[in-house]
Amino acid sequence: MRDGLDARLPGLGLLYRDLHSHPELSMQEHRTAGIVAAELRGQGWEVTEGVGGTGVVGVLRNGEGPVVALRADMDGLPVREATGLDYASTDTALSPDGEPVPLMHACGHDLHTAALLGATGQLAAHRELWRGTLLAIFQPGEETAAGARAMLADGLLERFPRPDVVLGQHVGPLPLGSVATRPGVVMAAADSLRARLLGRGGHGSAPHATVDPVVMAAATVMRLQGIVAREVSPTESAVVTVGSLRAGTKENIIPDEAELKINIRTFDAAVRERVLAAVRRTVEGEAATSGAPRPPEFSEINSFPLLSPDGQFGRGDGTRPPRARGGRRSGAHPALPAVGQRGLRPARHCGRVSVRLLVLRRHGAQQLGGRRSGGRAAAHRARQPLAVLRTGGGSRAA
Ligand SMILES: [Zn+2]
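Rules behind the numbers
- Residues numbered from 1 in each chain as written.
- Predicted model: local features only at pLDDT ≥ 70, side-chain atom pairs only at ≥ 80, totals over all residues.
- Pairing = 2+ DSSP bridges.
- Helix = DSSP H or I, 4+ residues; strand = E, 2+ residues; numbered from the N terminus.
- Axes fitted to C-alpha atoms, helices over the stretch in contact; angles between N-to-C directions.
- Contact = placed C-beta atoms within 7 Å.
- Buried ≥ 20, exposed ≤ 12 C-beta atoms within 10 Å, placed from the backbone.
- Core = buried A, V, L, I, M, F, W, Y, C linked by C-beta atoms within 7 Å.
- Expected span 1.5 Å × (residues − 1).
- Arc of directions from axis to C-beta.
- Parallel < 35°, antiparallel > 145°, perpendicular 65-115°, else oblique.
- Left-handed = near helix turned anticlockwise from the far one by under 90°.
- Nonpolar A, V, L, I, M, F, W, Y, C, P; charged D, E, K, R; others polar.

Considerations on the sheet that holds strand S14 (residues 297–304)
The four strands are arranged S11-S13-S9-S14 in an open sheet whose pairing can be described as antiparallel. Both edges of this open sheet fall to strand S11 (238–247) and S14, since each of them pairs with a single strand only. On average, each strand axis in the sheet is tilted by 15 degrees relative to the strand beside it, whichever way the strands run. Of the strands in this sheet, strand S9 (189–198), S11 and strand S13 (257–266) touch helix H6 (residues 213–231), which is tilted by about 175 degrees from S11. Sheet strands touched by helix H7 (residues 269–290): S9, S11, S13 and S14. Its angle to S13, the strand with the most contacts, is close to 160 degrees.

In C-alpha cells form, the structure reads like this:
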C-alpha cells in the first residue's frame, strides 16, 4: 500500500500549504470543498458535493466486503496567524455576526484534509490490496458542531452505503510520525453556552444608582473557577473555561448588560449534569448577589456528546489487544500495521471532534448513553493506556 507514496508526498505537501494559506470558517468551506471534490474525482472516486452544506462524500466500490468510512474535517478558525510561516494565512472573512475576522487553520483541519486525500489516493491506486466499499467523508463545520449534524440531516447514512466502521483522526501532541488510539472514552463531551447578565446601566460617576454588570461578570468568572476546584471529585475531571467576556463601550459609562461565553468539558454524564447545573447556579447566584433587576438568560452555543467509540478498535469485540512494550496491554487493533508499538501514559483528550456524532448515530445513542455513567467501568477504561503506532513517516512530515 506504500507503493507510490513517495511520489505522492510532494504534491500533498503543496496541497497542505495551499489549504493552510486559505482557511475558511465553519460551513463556509466552499473553496476547500471544491479542491477536495476535484482531487477525489481525479483519483477515480464517485463524488457528491453539497452534502449538508459544504460537505463532500466520495464512494469507492471494490467488490464484496465491509463499508469503511474515513472522515476528515475542513474548517478553519477566526484566529490571526502569527506563526511566521511563509505560507501563513493572511485571509479574512465575515463571521456569522457580520464582523470581519482573521482566519487560520489553527486546529489542523488542513492537515486532516490533505492526509485523507493522500489516503484516498493510495487506496484508489491499490484496489488489488483490499475489498469492500470505502466512503470518504469531508465534513464541514467541526468547530461549531454544525457540520456533522447537517450531513446526517442531509441523509449521509441513507443516501450512501451505510458504514460498518467510521474512522476519524485528529492531530495531537504526540511524537512525530505516531498514531494513537485507546479503548473507551477518547474525547470529552463539550458544552458551550452564552450567559447574558442583566444589570442597570448609568454614568460611571454614579455607580450607586446602577447595577454594574461588569462587576457582576468579573465576580461570576472568578466564582466559576470554584466549580472544578471544589465541587468535582479528585477522581473525576472537568474543565470550565470562560473564553469570552464582553460588556460596555466606554470607560465612563456603566453598561446595561454583560455577556459570558462558557465552555464545559466532561468525561462522564453524571459529572456533566452536575457541572452544568453548578454553572447555572453560580451565574444566577452572582446576579442575585449583585441585585440584578432580572435573572440572567442562558442560551446554548453548541453541545458535543462524549466520544466513546467501540467495536474492533476498542475492547468491545472481546479480543485481547496486543501486548505493548513494557508488558502493558494496549487497545490497538491487532490488524493495524504497527511498527514499534508502545504504551503511552493514560490520557484522554479534552478536544472535540464531531466524528463522535457519526459514531453516535452508527452505534445508537442508548449504547453510548449507557456507557457514559459507567462508574467503575468507566474509570477503568479511563486508565487504559493510549496505544501509539509508529507510522515511520516522521521524516516525511509536510
Ligand atoms: Zn480540530
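Considering the environment of threonine 181
On the secondary structure map, threonine 181 appears in strand S8 (residues 178–181). With 20 C-beta atoms counted inside 10 Å, the residue threonine 181 sits in the buried group. Taking the C-alpha atoms as reference, threonine 181 lies 9.5 Å from glutamine 169; in sequence the two are 12 residues apart.

Points about the nonpolar core
By size, the foremost hydrophobic cluster in this structure holds 31 residues, and its most contacted members are Leu197, Val240, Ile264, Val275 and Val279. For this core, the secondary-structure elements that each account for two or more residues are S9, H6, S11, S13 and H7. With seven residues, H7 is the single largest residue contributor to this core. Ranked by size, the runner-up nonpolar core spans 29 residues in total, among them Val36, Met74, Leu135 and Val166.

Digging into H6
The end-to-end C-alpha separation of H6 is 26 Å, in line with the 27 Å expected for 19 residues at 1.5 Å each. Among all positions in H6, only Pro213, Met216, Ala217, Thr220, Leu224 and Ile227 are buried. Summarising the axial view, the buried residues of H6 lie within an arc of 90 degrees, below the 170-degree limit, and thus occupy one face. Residues of H6 that are exposed and point over 90 degrees away from its buried face: Met222, Gly226, Ala229 and Arg230. Looking at the buried positions of H6, the neighbouring elements they touch are S9, S11, S13 and H7.

Notes on the sheet that holds strand S3 (residues 67–73)
Taken together, the five strands give an open sheet; going across it, the order is S1-S2-S6-S3-S7, and neighbouring strands pair in mixed fashion. The two strands at the open ends of the sheet, each matched to only one other strand, are strand S1 (46–51) and strand S7 (165–167). With direction set aside, neighbouring strand axes in the sheet form an average angle of 20 degrees. In this structure, strand S2 (residues 55–62) lies alongside strand S6 (residues 132–139), joined through seven bridges in antiparallel fashion.

Comments concerning the environment of serine 205
Considering the arrangement of structural elements, one finds serine 205 in the loop between strand S10 (202–203) and H6. Sequence separation between serine 205 and asparagine 252 is 47 residues, and the spatial gap between their C-alpha atoms is 7.2 Å.

Comments concerning the packing of helix H1 (residues 5–21) against helix H3 (residues 109–125)
Remark: H1 packs on H3, axes separated minimally by 9 Å, with the N-to-C direction vectors making an angle of 150 degrees. One element, H1, and the other, H3, form an angle in the roughly antiparallel class. The chirality of how H1 crosses H3 is right-handed. Within the contact between the two elements, H1 uses Leu5, Arg8, Leu12, Leu15, Tyr16, Leu19 and His20 and H3 uses Asp110, Leu111, Thr113, Ala114, Leu117, Gly118, Gly121 and Gln122. Here the residues of the contact of H1 with H3 sort into eight nonpolar, five polar and two charged.

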